[in-house]
Each structure stands twice: as C-alpha cells, then as structure tokens.
Amino acid sequence: MATDEDCESDDVLVTCGRRWRADGIPVNSYRCGWNRIRARVAAGDVRLTRNLGRVGTGISVSLDELEPLITLLRWYGTQRLSWSAFYWSGHGHVPGWGCAGAYYQPPGDARQVEVASKAYGKLRGEDFTGEDVRIRVDPPERVADVADLVARIVRKGERFGNRAGEQVGAVYHLGTLVIDAKRMELVLQRGKEWISLEDGEDLFLERLLSIERALASSR
C-alpha cells in the first residue's frame, strides 16, 4: 500500500492504496496530488472529504452520480465568470494577525477592486452593505442536460456595481444533490452532509470515475 510520501505529487489524482473490509469488499483510496481533496470508494459508494480549504462534513455520492455531476461542474466553469463576487480574503496578508481584504469582483474578466481592509482588528474603508437574495426559478430550468436551476442568487444593496442587483450565484438540483454555486466556490450538499469543491476538481472526479470503471470491467 502506498504511504503518504508516495502520494505527494502534482498529479490530478493519485491512487493511495487498497484494503478489504471484513465482508471482502475492496476499498480504494485516492487523493489529488496537492492533498486538498480525498476520496474513498467501496461497493459503488464514493466518500469525498476535504483536507485543505473550507473543510465540511464530507459527503457520499454514488459512482452513477459522478458522471452527471462532472458534466454540471464543467458547465458551471463556463458560467461562473459571468457572475459578480463580494468577498473577504486573507490571501496575500500576513497570517495570524487578523489581516484581510474585502473585494468586489465585477462580472467578466475585469480586475477585482479592494474596497476595504482589516489589519490588527482595525477596519479601513467600508464593509459590504448588501445581502444575497435567492430568487426562485419556477418552473426550474434544465441546465447542461443533467440538472435543474431552481434559484438565482442576486446581491442587492451594495455601493459597488449595480445596487439593484447583480447575480453572484445559483442553486441547482441534481437528483437529491443540492449544488449552491457562486463565482468563488461551489458547495455540494445532501441532507446535513456537504463539501466545498474547488476549481479544477472536476478533473479529479473524472479520473476517479475512469479508474473505477476500468477496475469494474476487469473483474
């Protein structure tokens, strides 16, 4: 079985070993080469967990759900840049001192604008004033031929951009899975389980599905 050191890589997906349950079912373990997301597969069930980033509870999906999910993630990748974003980030700031910046990202490829900053507990500039409003789509709209758009997320009341509202995300239903998508983040949820998926991790899921299908066909 591979060790953690064996798994360190820049590859999209690394196979980290196999074990067997007491009932004889094989359990295959995977993770991305930069160790941000992991997967454990057994009897057609895929357990996804996050090691780095916004760590949630983790979530279980079936191998059959992966293909339409990958299709939706690819489609989302073509849509998300048309949305705005209003967010705080500590990226580029010294960690451990409460330093961060507040940014407005206009739609498209325009440069983000820093609207405020926080250093050592002191705020410079003005914090965001708006709120995200979910606007129901009724009837739902089919997207990517696999999921239903059930709500648009619109940011209203901000000083930057359009005060009347700018779309910052959307909510999709894929079977019993709920996808809460924004420009900077996508959250996959079912019941109380959830995981945040990052840009490019559709490739991780695609490689995982390909490997598991190849293993199944060789049995």
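Residues numbered from 1 in each chain as written. Predicted model: local features only at pLDDT ≥ 70, side-chain atom pairs only at ≥ 80, totals over all residues. Heavy atoms only, no water.

**Focus on the sheet that holds strand β12 (residues 166–174)**
Part 1 of the argument: If you walk across this open sheet you meet the six strands as β10-β11-β12-β13-β14-β15, and the pairing is antiparallel. Of all the strands in the sheet, just β10 (131–143) and β15 (193–197) have a single pairing partner and so form its edges. Between one strand and the next, the sheet's axes are offset by a mean angle of 20°, whatever the strand orientation.
Part 2 of the argument: As paired strands, β10 and strand β11 (residues 147–156) are joined by nine bridges and run antiparallel to one another. Bridged to Ile 135 within β11 is Arg 152. (Pairing = 2+ DSSP bridges. Helix = DSSP H or I, 4+ residues; strand = E, 2+ residues; numbered from the N terminus. Axes fitted to C-alpha atoms, helices over the stretch in contact; angles between N-to-C directions.)

**Quick look at the sheet that holds strand β9 (residues 122–125)**
Strand pairing in a sheet relies on backbone hydrogen bonds, with the paired strands running either antiparallel or parallel.
Part 1 of the argument: Overall, antiparallel pairing links the four strands, which are arranged β6-β7-β8-β9 in an open sheet. Looking along the sheet, the strands with just one partner apiece sit at the ends: β6 (85–89) and β9. On average, adjacent strands in this sheet sit at an angle of 15° to one another, irrespective of strand direction.
Part 2 of the argument: Bridge analysis of strand β7 (residues 100–105) against strand β8 (residues 113–119) gives five bridges, and the strand direction is antiparallel. Considered in β8, the bridge of Ala 102 is made with Ala 116.

**Details of helix α1 (residues 63–79)**
In an α-helix there are 3.6 residues to a turn, and that puts residues three or four apart on one side.
Part 1 of the argument: Across its 17 residues, α1 extends 25 Å between first and last C-alpha, which sits within 8% of the 24 Å expected from 1.5 Å per residue.
Part 2 of the argument: Where α1 is concerned, the buried positions are Leu 63, Glu 65, Leu 66, Leu 69, Ile 70, Leu 72, Leu 73 and Tyr 76. (Expected span 1.5 Å × (residues − 1). Buried < 20%, exposed > 50% of the residue type's maximum accessible area, 1.4 Å probe, protein only.)

**Some points on the packing of aromatic side chains**
Geometry of an aromatic ring pair is reported as the spacing of the ring centres plus the angle between the planes.
Part 1 of the argument: Counting across every chain of the model gives six aromatic pairs.
Part 2 of the argument: For the pair Trp 75 and Tyr 172, a centre-to-centre distance of 5.7 Å together with 90° between the ring planes defines the contact as edge-to-face. Taken as a pair, Trp 75 in helix α1 and Tyr 172 in strand β12 lie far apart in primary sequence, 97 residues in all.
Part 3 of the argument: The exposure class assigned to Trp 75 is partly exposed, which follows from its relative accessible area of 24%.
Part 4 of the argument: Seen from their ring centres, Phe 86 and Tyr 104 are 4.8 Å apart, and the 25° between their planes marks the pair as stacked. Within this pair, whereas Phe 86 is found in strand β6, its partner Tyr 104 is found in strand β7, the two being separated by 18 residues in sequence. Accessibility classification places Phe 86 together with Tyr 104 in one group, the buried group.
Part 5 of the argument: Put simply, the rings of Phe 86, Tyr 104, Phe 128 and Phe 160 touch in pairs and so form one group of aromatic residues.
Part 6 of the argument: Across from the ring centre of Trp 88, 5.0 Å away, lies the NZ or CZ of Lys 118, which sits over that ring. (Phe/Tyr/Trp six-rings, centres within 6.5 Å; stacked < 30°, edge-to-face > 60°. Lys NZ or Arg CZ within 6 Å of the ring centre and 35° of its normal.)

**Some words on the side chain of Ser 84**
Part 1 of the argument: Structurally, Ser 84 is set in the loop between α1 and β6.
Part 2 of the argument: In this structure the side chain of Ser 84 is engaged in a polar contact, spanning 2.2 Å, whose partner is the side chain of Glu 166.
Part 3 of the argument: When residues no more than four places from it in sequence are discounted, the contact partners of Ser 84 are Tyr 104, Gln 105, Pro 106, Pro 107, Glu 166, Gln 167, Val 168 and Arg 183. (Polar contact = N/O pair within 3.5 Å; in protein donor to acceptor, adjacent residues only side chain to side chain. Contact = heavy atoms within 4.5 Å.)

**Describing the environment of Arg 18**
Part 1 of the argument: As for its placement among the helices and strands, Arg 18 is situated in strand β1 (residues 14–20).
Part 2 of the argument: C-alpha of Arg 18 to C-alpha of Ser 217: the two residues are 199 residues apart in sequence and 17 Å apart in space.
Part 3 of the argument: At 2.7 Å, the side chain of Arg 18 forms a polar contact with the side chain of Asn 28.

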